[in-house]
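Understanding the architecture of this molecule
Residue-level listing of the chains:
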Protein chains: 2
Amino acid sequence: MSSGGDHDEQVISNKQIIFNDYVSGFPKESDMHVNVSGTIKLKVPEGSNGIVVKNLYLSCDPYLRNSMKKPVSGSVANSLKPGSPIVGYGVAKVLDSGHPNFKKGDLVWGTTGWEEYSLITDLQNFFKIQHTDVPLSYYTGILGMPGLTAYAGFYEVCSPKKGEHVFISAASGAVGQLVGQFAKLLGCYVVGSAGSKEKVDLLKNKFKFDDAFNYKEEPDLDAALKRYFPEGIDIYFENVGGRMLDAVLLNMRVHGRIAVCGMISQYNLDKPEGVHNLMHVIYKRVRIQGFTVFDYYHLYTKLLDLVLLHIAEGKIVYVEDIAEGLESGPAALIGLFSGLNVGKQVVLVSHE
Amino acid sequence: MSSGGDHDEQVISNKQIIFNDYVSGFPKESDMHVNVSGTIKLKVPEGSNGIVVKNLYLSCDPYLRNSMKKPVSGSVANSLKPGSPIVGYGVAKVLDSGHPNFKKGDLVWGTTGWEEYSLITDLQNFFKIQHTDVPLSYYTGILGMPGLTAYAGFYEVCSPKKGEHVFISAASGAVGQLVGQFAKLLGCYVVGSAGSKEKVDLLKNKFKFDDAFNYKEEPDLDAALKRYFPEGIDIYFENVGGRMLDAVLLNMRVHGRIAVCGMISQYNLDKPEGVHNLMHVIYKRVRIQGFTVFDYYHLYTKLLDLVLLHIAEGKIVYVEDIAEGLESGPAALIGLFSGLNVGKQVVLVSHE
């Protein structure tokens, strides 16, 4: 039910980040623009069961690059609409609601628009935020989609066992940092790769990985992996693809598992790199499992229970890279693909 | 215990197919030679728990190409020894035994030498043949290693369900023809690819696949697969690798499975082809599972129970390509890699 009286039909300015057109190759800030002339009515339309929200935090995620591609027939990916705002995960506050599960003043996370205010009509996989004793931005990361991705990817897809040897690429990112900490908590040997000294230091000192390396300083990734995993890799949490995957395949142990979460090194290539060492999948009886968070939303409360406790006890930490202001969104998003972010990339639109 | 008296120390001539040296690129008949000057004592050495056998049928299997490669450190594959006979699966008759499980006159199958007679000391995964109302050569195929590979690969690895869409490459081969028939018995829609009109006819008419195509006549494998699987592929039974795998990845359905049994198109390449479409593993949440028969020997009696019954009822048929004489072994083996064989390639060494 719509709250408020009939007089409350205020139309206000609504700044937006507009997606210009489908992208091939490396995305640029100029693939988006700021629209300052948008407006929105802060009321749910009569009869709608949607909600109107004020966006607080927006999430920059690598999968958005795939949404910028021209859709191909048969593709499962949801493409962005040229001329419309970027659509992605975010944290928001409900201003008006036509939906029985949400009311004015609720804090929520789910799929919203890159704009100051949004009218949201698809509330599937939209969550009310119950725990506010952690930073709200966490619901774009450790307590949001990337957190659930890490949780499902590690516990459900990797079939991990204590003492196993775990390798994580893009390990300081929104998902990787959490997977590594889950693996350490289980008693695994954990090594991560990242693209700068700062990130490698984070992995070793902040996230307590057993070791970490800067892939940009390793001309021979196979040799690097053999150095950190002389006995081979049981679990590879795949975030990058391409030549890293090729090197990992040479170093998998018998019955190893590769959870394929992302392949960020490939998203900007018109033709992805070839992977040559797939025969090792037979030699070592390896399982490669692609997955997305969409199949695991039913586990969200389990993630919350586990992670809120670990955060409270100081057993899990989370690093965010927060860009201030909606206008900083395009640069923050593009920065993901050159690794400018350190930790989970968030855009702060407005304080509550 | 060794049977027979102490006088029975007969040394006889033992023709052998000798592996010359490690192979790179396409293997040739001249990578092997016939040794007519070998001899063997038809008695188990004092104190040994091995057996001496007369070899009847030898099995030509694609995996032997990998055994011809120079071993690399960390490789799980067993390499052949230059200067020694080829080692592979075969059917044989026990002439003398020092092992409690085998006695003179037993028919057996397992890993033996490419020679008239062999002393076998590693009897792990060696089986006594109990059912002789089928051709003995079947124990190199449908009732041997390829049969168990098809059984485990389909029922255990593919997680098949009635009505699913199944694609099999190298579908008329030792394993593929059986996987397709298992899938049909379960009520799947089954299409196979092969490399000649004769094989395609076999698939459609003898093995009763729903459809089949000659990959050599398809310049665009993606288009071919879209023709046969307009709604996509649930299960791909992978025997070839390379560009076929790349095309299949474009056509997998959500939650599809790829059982990787072999990649025969890649075995003779110094650098395997690159596979470019692995990102579809994420988009469609595909599972790729490499496997080998070694993990599934415990299922052998289940294979026997199922397949002997189906053979008796005429519900499963099996096509073999039998080369006569040990000397025909090298040509028969090399022929696998250009697809000369029609059905399971066997070498008849001697009638019982």
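All values derive from a computational prediction rather than experimental measurement.

This part is about helix α2 (residues 145-157) of chain B. With 11 of its 13 residues buried, α2(B) lies for the most part within the structure. Every buried residue of α2(B) is accounted for by Met145(B), Pro146(B), Gly147(B), Leu148(B), Thr149(B), Ala150(B), Tyr151(B), Ala152(B), Gly153(B), Phe154(B) and Val157(B).

Turning our eyes to something else, we now look at the pattern of salt bridges. Residue and element names in this part refer to chain A. One pass over the structure, following the stated rule, counts 31 salt bridges over all chains. Note that Lys226 and Asp222 form a salt bridge whose closest N and O atoms lie 2.6 Å from each other. Of this pair, Lys226 and Asp222 are both found in helix α5 (residues 221-228), 4 residues apart, which corresponds to roughly one turn of the helix. Classification of Lys226 by relative accessible area gives partly exposed; the value is 38%. You can call Asp222 partly exposed: its relative accessible area is 21%. One salt-bridge network, in which partners are shared between bridges, spans Lys103, Asp106 and Lys128.

Another point: the relation of the copies chain B and chain A. When chain B is brought onto chain A, the operation consists of a screw motion whose angular component is 180° and whose axial shift is 0.0 Å, with 0.0 Å RMSD remaining. In symmetry terms, the pair is related by a two-fold rotation axis. Of the C-alpha atoms belonging to chain B, the one lying closest to the rotation axis is found on Gly274(B), 1.9 Å away. With an isologous cut-off of 70% or more, the 100% of interface residues of chain B that recur at the interface of chain A puts this contact in the isologous class.

Here the focus is the pairing of strand β7 (residues 107-113) of chain B. Residue and element names in this part refer to chain B. Of all the 7 residues making up β7, 6 are buried; the element is thus mostly covered by neighbouring parts of the structure. Across 7 bridges, strand β6 (residues 87-97) lies against β7 in antiparallel orientation. What sits directly across from Val87, in β7, is Gly113. As paired strands, β7 and strand β9 (residues 127-128) are joined by 2 bridges and run antiparallel to one another.

With that out of the way, let us pick up the interface of chain B and chain A. Counting residues at the interface gives 35 residues for chain B, matched by 35 residues for chain A. Together chain B and chain A conceal approximately 3000 Å² of surface at their shared face, both sides included; 65% is due to carbon and sulfur atoms. There are 2 salt bridges connecting chain B and chain A. Across the pair Asp295(B) and Arg285(A) runs a salt bridge, and its minimum N-O distance is 2.9 Å. Counting every contact that joins chain B to chain A gives 16 residue pairs in polar contact (both at pLDDT 80 or more). The set of elements that each furnish at least two residues to the side of chain B that touches chain A consists of β14 (252-260), α7 (280-283) and β15 (287-290) of chain B. The element best represented in the side of chain B that touches chain A is β15(B), accounting for 4 residues. Grouping the constituent residues of the side of chain B that touches chain A by class yields 18 nonpolar, 10 polar and 7 charged.

All right, on to the domain arrangement of chain A then. Residue and element names in this part refer to chain A. Annotation of chain A at the domain level lists domain 1 (11-141 + 319-348) and domain 2 (145-294). Taking the mean C-alpha position of each, domain 1 and domain 2 sit 28 Å from one another. At the boundary of domain 1 with domain 2, total buried surface from both sides reaches about 1600 Å², with 58% on carbon and sulfur atoms. On the domain 1 side of the contact with domain 2, Tyr89, Val319 and Val342 bury the most area, a combined 30% of that side's loss. The interface formed by domain 1 and domain 2 holds 0 salt bridges in total. Where domain 1 touches domain 2, the interface holds 6 residue pairs in polar contact (both at pLDDT 80 or more). It is helix α1 (residues 63-67) that provides the largest number of residues to the side of domain 1 that touches domain 2, a total of 3 residues.

Here we take up the environment of Gly176(A). Residues and elements named next belong to chain A. Note that Gly176 resides in helix α3 (residues 176-186). On the basis of relative accessible area, Gly176 is assigned to the buried category, the value being 1%. Spatially, the C-alpha atoms of Gly176 and Met263 are 13 Å apart, while their sequence positions differ by 87 residues. Not counting residues within four places of it along the chain, the set of residues in contact with Gly176 comprises Ile168, Ala170, Ala171, Phe209 and Asn239.

For the rest of this paragraph, the subject is the side chain of Gln266(B). For Gln266(B), the location among the structural elements is in the loop between β14 and α7. For Gln266(B), a relative accessible area of 2% translates into the label buried. One polar contact links Gln266(B) to Ser265(B), side chain to side chain, over a distance of 2.8 Å. Each residue touching Gln266(B), except ones within four places of it in the same chain, is listed here: Met279(A), Val240(B), Gly241(B), Gly242(B), Pro272(B) and Glu273(B).

A few words on the sheet that holds strand β15 (residues 287-290) of chain A. Across the sheet, which stays open at both edges, the 12 strands sit in the order β12(A)-β11(A)-β10(A)-β13(A)-β14(A)-β15(A)-β15(B)-β14(B)-β13(B)-β10(B)-β11(B)-β12(B) with mixed pairing between neighbours. Two strands bound the open sheet, and with one partner strand each, they are β12 (211-214) of chain A together with β12 (211-214) of chain B. Adjacent strand axes in the sheet meet at a mean angle of 15° when their direction is disregarded. The pairing of strand β11 (residues 189-194) of chain B with β12(B) spans 4 bridges and is parallel.

How two helices pack is summed up by the angle between their axes together with the distance between the axes. Residues and elements named next belong to chain B. One can describe the packing of α2 onto helix α3 (residues 176-186) by two numbers: an axis separation of 9 Å at closest approach and a directional angle of 45°. With respect to α3, the axis of α2 lies oblique. Pair α2 / α3 crosses with right-handed handedness. Contacts between α2 and α3 involve Gly147, Ala150, Tyr151, Phe154 and Tyr155 from the first element and Leu178, Val179, Phe182, Ala183 and Leu186 from the second. When grouped by side-chain class, the residues that make up the contact of α2 with α3 number 9 nonpolar, 1 polar and no charged.

So, on to the packing of helix α2 (residues 145-157) of chain A against helix α8 (residues 300-312) of chain A. All names here are of chain A. Following both chains from N to C, one finds α2 and α8 inclined at 95°, their axes separated by 10 Å at the closest point. It follows that α2 is roughly perpendicular to α8 by the angle criterion. In this structure, α2 uses Gly147, Leu148, Tyr151 and Tyr155 to contact α8, whose residues at the interface are Tyr300, Lys302, Leu303 and Leu306. Class assignment of the residues belonging to the contact of α2 with α8 gives a composition of 6 nonpolar, 1 polar and 1 charged.

Let us look at empty space enclosed by the protein. Applying the stated criterion across every chain, the model contains 2 cavities of 30 Å³ or more. Taken as a whole, the largest cavity spans an internal volume of roughly 50 Å³. As for the largest cavity, its lining consists of Val275(A), His276(A), Leu278(A), Met279(A), Gly242(B), Leu245(B), Met263(B), Gln266(B), Pro272(B), Glu273(B) and Val275(B). Taken together, the residues of the lining of the largest cavity break down into 7 nonpolar, 3 polar and 1 charged. In this structure, the second largest cavity encloses a volume near 40 Å³. What lines the second largest cavity is simply Gly242(A), Met263(A), Gln266(A), Pro272(A), Glu273(A), Val275(A), Val275(B), His276(B), Leu278(B) and Met279(B). When grouped by side-chain class, the residues that make up the lining of the second largest cavity number 6 nonpolar, 3 polar and 1 charged.

Cut-offs used in this document
Residues numbered from 1 in each chain as written. Chains lettered and ligands numbered in written order. Predicted model: local features only at pLDDT ≥ 70, side-chain atom pairs only at ≥ 80, totals over all residues. Heavy atoms only, no water. Buried < 20%, exposed > 50% of the residue type's maximum accessible area, 1.4 Å probe, protein only. Helix = DSSP H or I, 4+ residues; strand = E, 2+ residues; numbered from the N terminus. Salt bridge = Lys/Arg side-chain N within 4 Å of Asp/Glu carboxyl O. Least-squares fit on C-alpha atoms with pLDDT ≥ 70 in both. Contact = heavy atoms within 4.5 Å. Pairing = 2+ DSSP bridges. Buried area = accessible area lost by both parts, 1.4 Å probe. Polar contact = N/O pair within 3.5 Å; in protein donor to acceptor, adjacent residues only side chain to side chain. Nonpolar A, V, L, I, M, F, W, Y, C, P; charged D, E, K, R; others polar. Domains from an automatic or database assignment. Axes fitted to C-alpha atoms, helices over the stretch in contact; angles between N-to-C directions. Parallel < 35°, antiparallel > 145°, perpendicular 65-115°, else oblique. Left-handed = near helix turned anticlockwise from the far one by under 90°. 1 Å grid on protein atoms, 1.4 Å probe; cavity = no way out; pocket = protein on both sides within 12 Å on 5 of 7 lines; lining within 4 Å. Points joined across faces, edges and corners; volume = space filled by probe spheres on them.

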